[in-house]
Amino acid sequence: MENNAAEFPDGKQQHIPLLTPYKMGIFQLSHRVVLAPLTRQRSYGNVPQPHAILYYSQRTTKGGLLIAEATGVSDTAQGYKDTPGIWTKEQVEAWKPIVNAVHAKGGVFFCQIWHVGRVSHKDFQPNGQAPISCTDKPLTPQIRANGVDVAQFTPPRRLTTDEIPQIVNDFRLAARNAIEAGFDGVEIHGAHGYLIDQFMKDQVNDRTDHYGGSLENRCRFALEIVEAVVNEIGADRVGIRLSPFASYMESGDSNPGALGLYMAESLNKYGIAYSHMVEPRMKTVGEKTECPESLVPMRKAFKGTFMVAGGYDRGDGNEAVVEDRADVVAYGRLFLANPDLPTRFELDASLNKYNRDTFYTSDPVVGYTDYPFLETTA
Ligand SMILES: Cc1cc2nc3c(=O)[nH]c(=O)nc-3n(C[C@H](O)[C@H](O)[C@H](O)COP(=O)(O)O)c2cc1C
């Protein structure tokens, strides 16, 4: 968006903090409204599909930042049907036209690289083997996001200490592949109860080697991945997402404030592009609850770009920028339902409502690319 001021009926222009330019390291962003990573389960057989070209390009603005949906780093990384991967040549080739379409409209596109760890079932694993984790503690069955079905998980196999470098290497190779596919960078998925979060959180990690026990030990895996990925593709192209306060998938921590702060401080030495943190108010999946905790200590400790997400609307996104609690704000459900979200924020226009029922259905159009643009809603 070249324009960061909206016309108001009385002719006055109003300055909109979210729509001011921002320099995120080597990337000159024209505004601060970021597409949050959103799993859509429409990548049949783990291969990104041509319909994603339209989906992502609908949400692209010139100089806007998009984060792709969580994308598996290896054949053990999957835990849901039809989520994309980036470990095979076919997957890399399939991402290329999607990334090209975003670039053709001037967007900046990061790929979220992901390993689910124990949030999986043997049916998603090679040769029907057990999912891997930092632990062998099983996850109890969980109600799926549709609120009806129950997901069953196969008890995980605890990684041995000498297997861990191989998983770190899978993240490194996935980052290399993402660059090969044309992405501008990667976001390491260290949030929401998946593998990296399983290592970090003391509710899950019960290891006795140097990847378990103390806070420093529990964060070692995450930081080794950051280091490997930075060495592979350069710090300017690396972000990480963390949710210290969340306890999704039975992955909670007894001292999330200390965990978040330790990570923010430790990340400084790698000089990465951004740190993306999920608000403590998103403790429960999909629900916003007010709470006394805050990301401000982590914002203050982290020296690079600070991105926040979780329950933001136009008003409190603007406030977060004005009050310097964030540099950029990621929007999930609102951006899913409003492909032209930055324009709607600019005009303070009404928003389409999201439909939860079609978040994870596999239709290539319905609930995916059929949310109307402003011009067609009137
Ligand atoms: C349909 C859907 C899919 C999601 N998939 C991912 C994902 O792949 N990776 C991730 O880190 N978060 C994922 N999230 C969480 C969002 O990125 C975001 O943090 C969350 O929706 C809260 O932000 P919001 O209130 O703006 O929607 C998902 C959320 C939704 C609703």
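Rules used throughout
- Residues numbered from 1 in each chain as written.
- Predicted model: local features only at pLDDT ≥ 70, side-chain atom pairs only at ≥ 80, totals over all residues.
- Heavy atoms only, no water.
- Helix = DSSP H or I, 4+ residues; strand = E, 2+ residues; numbered from the N terminus.
- Buried < 20%, exposed > 50% of the residue type's maximum accessible area, 1.4 Å probe, protein only.
- Near = heavy atom within 4 Å.
- Polar contact = N/O pair within 3.5 Å; in protein donor to acceptor, adjacent residues only side chain to side chain.
- Areas by Shrake-Rupley, 256 points an atom, 1.4 Å probe, with all protein chains shown as cover.
- Nonpolar A, V, L, I, M, F, W, Y, C, P; charged D, E, K, R; others polar.
- Pairing = 2+ DSSP bridges.
- Right-handed = clockwise from strand over helix to strand, strands pointing away.
- Phe/Tyr/Trp six-rings, centres within 6.5 Å; stacked < 30°, edge-to-face > 60°.

Peer 1: Before we go on, may I ask you to explain the side chain of threonine 61 in this structure?
Peer 2: Structurally, threonine 61 is set in the loop between helix H1 (51-58) and strand S6 (65-67). Classification of threonine 61 as buried rests on a relative accessible area of 17%.

Peer 1: In this structure, what is going on with unusual backbone geometry? I would like to understand it.
Peer 2: Generally, phi is negative for residues other than glycine and the peptide bonds are trans, each holding for most cases. Although it is not a glycine, aspartate 82 adopts a positive phi angle of roughly 55°. Secondary-structure assignment places aspartate 82 in the loop between strand S7 (71-72) and helix H2 (89-104). You can call aspartate 82 buried: its relative accessible area is 11%. Its identity is not glycine, yet asparagine 127 carries a phi of approximately 55°, on the positive side.

Peer 1: Would you mind showing me how to read the site of the ligand here?
Peer 2: In the neighbourhood of the ligand, 17 residues make up the surrounding shell, with Pro37, Thr39, Arg241, Gly311 and Arg333 lying closest. Between the ligand and arginine 241 there is a distance of 2.7 Å, counted from an oxygen atom to a side-chain nitrogen or oxygen. In isolation the ligand offers 610 Å² of accessible surface; the protein chains occlude 90% of this area. Considered class by class, the residues forming the shell around the ligand number eight nonpolar, seven polar and two charged.

Peer 1: Would you mind showing me how to read the pairing of strand S16 (residues 305-309) here?
Peer 2: Looking along a regular strand, one sees side chains alternate from face to face of the sheet. Counting buried residues in S16 gives five out of five residues, a clear majority hidden from the surface. The alternating pattern of S16 places Thr305, Met307 and Ala309 and Phe306 and Val308 on opposite faces, both of which are buried. Strand direction decides the pairing type here: S16 and strand S17 (residues 328-331), joined by three bridges, are parallel. Along S17, the bridge assignment pairs methionine 307 with valine 328. Regarding topology, helix H8 (residues 314-322) serves as the crossover connection from S16 to the parallel S17, and that connection is right-handed.

Peer 1: Quick question: what am I supposed to make of the packing of aromatic side chains here?
Peer 2: Geometry of an aromatic ring pair is reported as the spacing of the ring centres plus the angle between the planes. Counted under the stated rule, the structure contains 15 aromatic pairs. Measuring from ring centre to ring centre gives 5.1 Å for tryptophan 95 and phenylalanine 183, while their planes differ by 65°; the resulting arrangement is edge-to-face. With a gap of 88 residues between them, tryptophan 95 in helix H2 and phenylalanine 183 in the loop between helix H3 (164-180) and strand S13 (185-190) connect regions that are remote in the sequence. Here the two residues tryptophan 95 and phenylalanine 183 agree in accessibility, since each one is buried.

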